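# Coordinate analysis (summary)
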Amino acid sequence: MSSLLVDDIGELVTNVAGSGAGGPLGLRRDVALLVEDGRVAWIGPTRDAPAADRRIDAGRAAVLPGFVDSHAHLVFAGDRATEFAARMAGRPYTGGGIRTTVAATRAATDDDLRATAHRLRGEALRQGTTTIEVKSGYGLTVADEVRSLRIAGEVTRETTFLGAHVVPAEYADRPDDYVGLVCGPMLHAAAPYARWVDVFCERGAFDADHARAILTCGQAAGLGVRVHANQLGPGPGVRLGVELGAASVDHCTHLDDADVDALAGTARPDGTGTTTVATLLPGAEFSTRSPYPDARRLLDAGVTVALATDCNPGSSYTSSVPFCVALAVREMGMTPAEAVWAATAGGARALRRDDVGVLRPGARADLVILDAPSHLHLAYRPGVPLIRRVLHDGVLL
Ligand code: NIG
Ligand code: FE
């Protein structure tokens, strides 16, 4: 059993609240953290730090849990930079470009898809993301969805079956048949490779009835539920997610009072937020030049909020959680502490994980050493590479 001591931490974000001091981030000052066998073994004052096989000096910098990016699409081919340029010249985002990526993905070799997924996973890791969720959804045939999930499974255990991303062109005039395929042979083949099922519930994609049918089948196959909801306009997605006990409803850009009330109604009995998390994806609003979701309204209603990248070639081609944290603070009414919590513990809650997004004995040794004295700098110094070192599963990268 080898041990590693992260010594001389100026500010440690534990996300363990309730001990009195430290606020919701459970901040601790002047501490050291011992890692054994990929897990946090001890946290205490620097002066009491035990001996270890290896020691790394944080130099009084801030240390926080690795980011938990609970929403990303990393298995695809090609890019849509031209579509982005057109949007910046005034064209709206409609989701129609998804079919462009579907065509490129179907035409790609396994090795091409694998190379992109691994490249983006590496990119995210270097920016502090130690847990990432990865969806299928650019294959939309049985074989292409299965191979997407197999490749997703090479970079994460948080894999999501998104066969219902859009109705593919060959089913355009018979969407019921496509829903039948998704609920039948596609789900049957995909379920062994997926932990979650997701649907893009939106005008132009899947309506409430189709989305309910797909999510219910996915649940019956043992998958947890998450929903792309209320991204491009008001709609039934958020309330459907709540009705089905979704771990997360994602985007939440266009909410009415009933949506917020429905989310708030999933309050946990111990008063620590909600069982259905609202995952906000400001990279998408940045890249589609849309109004940002109102995080303040959700937080004030007691809803648990997560922040994630939505990394994909169409609506949000960023793998940077720090970028999303900065956007959320500047544009969505979040405090830096709320945004950092949402990008770590919030993401963990959106994935129903209690071993990540938190630093306490027993948790996974996934952490980030910043090139800064405080978590505040993640929003205060946007665009600056502040991730000095990353520890993933106890291994220093
Ligand atoms: O979460 N909205 C649906 N899916 C992705 C976008 C996919 C794309 O444009 O390629 C999203 O934004
Ligand atoms: Fe998405």
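It should be noted that the structure appears before, not after, this text.
Residues numbered from 1 in each chain as written. Chains lettered and ligands numbered in written order. Predicted model: local features only at pLDDT ≥ 70, side-chain atom pairs only at ≥ 80, totals over all residues.

## Focus: the overall build of the chain
When helices and strands are counted, the chain shows 13 helices and 16 strands. Taken over C-alpha atoms, the radius of gyration comes to 21 Å for the chain, in line with the 21 Å a tight globule of 397 residues would show. Referenced to the eigenvectors of the C-alpha coordinate spread, the extents of the chain come out at roughly 70 × 45 × 45 Å. Evaluated residue by residue, the chain yields a buried proportion of 54% over its 397 residues. Pairs at least 24 residues apart make up 72% of the contacts formed inside the chain by residues separated by at least 6 positions. (Helix = DSSP H or I, 4+ residues; strand = E, 2+ residues; numbered from the N terminus. Rg over C-alpha atoms; globule rule 2.2 N^0.38 Å. Buried ≥ 20, exposed ≤ 12 C-beta atoms within 10 Å, placed from the backbone. Contact = placed C-beta atoms within 7 Å.)

## Some points on the nonpolar core
Nonpolar side chains in soluble globular proteins tend to end up buried together. In terms of nonpolar packing, the biggest core is built from 128 residues, with Leu 33, Val 63, Leu 307, Val 325, Ala 328 and Ala 339 touching the most fellow members. The greatest single-element share of this core, amounting to eight residues, is contributed by helix H12 (residues 336-350). Taken domain by domain, this core gets at least three of its residues from each of domain 1 (3-66 + 357-396) and domain 2 (67-351). If we ignore the near neighbours within four places in the chain, the residues touching Leu 307 are Leu 280, Cys 324, Val 325, Ala 328, Ala 339, Ala 342, Ala 343 and Gly 346. (Core = buried A, V, L, I, M, F, W, Y, C linked by C-beta atoms within 7 Å. Domains from an automatic or database assignment.)

## Here we look at the pairing of strand S10 (residues 224-229)
Across the six residues of S10, five count as buried, placing the element largely inside the fold. Relative to S10, strand S9 (residues 196-201) is paired through six bridges, and the arrangement is parallel. Considered in S10, the bridge of Trp 196 is made with Gly 224. One crossover worth recording links S9 to the parallel S10 by way of helix H6 (residues 208-220), and it is right-handed. (Pairing = 2+ DSSP bridges. Right-handed = clockwise from strand over helix to strand, strands pointing away.)

## Considerations on helix H8 (residues 257-264)
Those residues of H8 that sit buried are Asp 259, Val 260, Ala 262 and Leu 263. Projection of H8 onto a plane perpendicular to its axis shows the buried side chains occupying an angular sector of 160°, all on one side. In H8, the exposed positions angled more than 90 degrees off the buried face are occupied by Asp 257 and Ala 258. Of the surrounding secondary structure, the elements contacted by the buried residues of H8 are helix H7 (237-243), strand S12 (277-280) and helix H10 (295-300). (Arc of directions from axis to C-beta.)

## Focus on the packing of helix H3 (residues 110-126) against helix H4 (residues 142-155)
Running from amino to carboxyl end, H3 crosses H4 at an angle of 35°, the nearest separation of the two axes being 10 Å. Seen along the crossing, H3 lies across H4 with a hand that is right-handed. Residues Asp 110, Leu 113, Arg 114, Ala 117, His 118 and Arg 121 of H3 form the contact with H4, whose own contacting residues are Arg 147, Ile 151, Ala 152, Glu 154 and Val 155. The class makeup of the residues in the contact of H3 with H4 is five nonpolar, one polar and five charged. (Axes fitted to C-alpha atoms, helices over the stretch in contact; angles between N-to-C directions. Left-handed = near helix turned anticlockwise from the far one by under 90°. Nonpolar A, V, L, I, M, F, W, Y, C, P; charged D, E, K, R; others polar.)

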